[in-house]
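Analysis of the macromolecular model
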Amino acid sequence: LLLLCYTEEAAVIVSGLKNTDVFVGESATFTCELSYPGMKNVQWWLDGSPLHNNFVTEISEQDGMIHTLTLNDVACHDSGTVTFRAGSLISSAKLLVKGILLLE
């Protein structure tokens, strides 16, 4: 008889963040899928600053394993490194916000 116990310590990142390019004013979405639901100490960061759920930053979770960050109405200064951390697991990706060149 073999019993498999999945613990938070054995959790892994199934699918990590991916680099994303968007234009000014668009939304940027980052998704990280974990192998274990209900991880504690889940946090999102942009260039080292912690992000919190508000009208610009949408943080959600599906089935306790799929964690999503959406940055709405991005500006050029939002370009940087997005980091997801759950316990000891970390995934990072680059966000590049491109300006729109208006020609006369």
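Notes on the structure follow. Being a predicted model, the structure only gives us computed values, none of them experimental. (Residues numbered from 1 in each chain as written. Predicted model: local features only at pLDDT ≥ 70, side-chain atom pairs only at ≥ 80, totals over all residues. Heavy atoms only, no water.)

Okay, the sheet that holds strand β8 (residues 80-86) next. Read from one edge of the open sheet, 5 strands run β2-β9-β8-β4-β5, paired in mixed fashion. Unpaired on one side and paired on the other, β2 (20-23) and β5 (49-50) mark the two borders of the sheet. The pairing of β8 with strand β9 (residues 89-98) spans 7 bridges and is antiparallel. Looking at β9, one finds that Arg85 is bridged to Ile90. (Pairing = 2+ DSSP bridges. Helix = DSSP H or I, 4+ residues; strand = E, 2+ residues; numbered from the N terminus.)

A few words now on the environment of Ala11. Along the chain, Ala11 turns up in the segment before β1 (13-15). Taking the C-alpha atoms as reference points, Ala11 and Leu34, 23 residues apart in sequence, are found 6.8 Å from one another.

What the rule picks out here adds up to 1 aromatic pair. When the ring centre of Phe23 is taken as reference, the NZ or CZ atom of Lys98 above it lies at 4.8 Å. (Phe/Tyr/Trp six-rings, centres within 6.5 Å; stacked < 30°, edge-to-face > 60°. Lys NZ or Arg CZ within 6 Å of the ring centre and 35° of its normal.)

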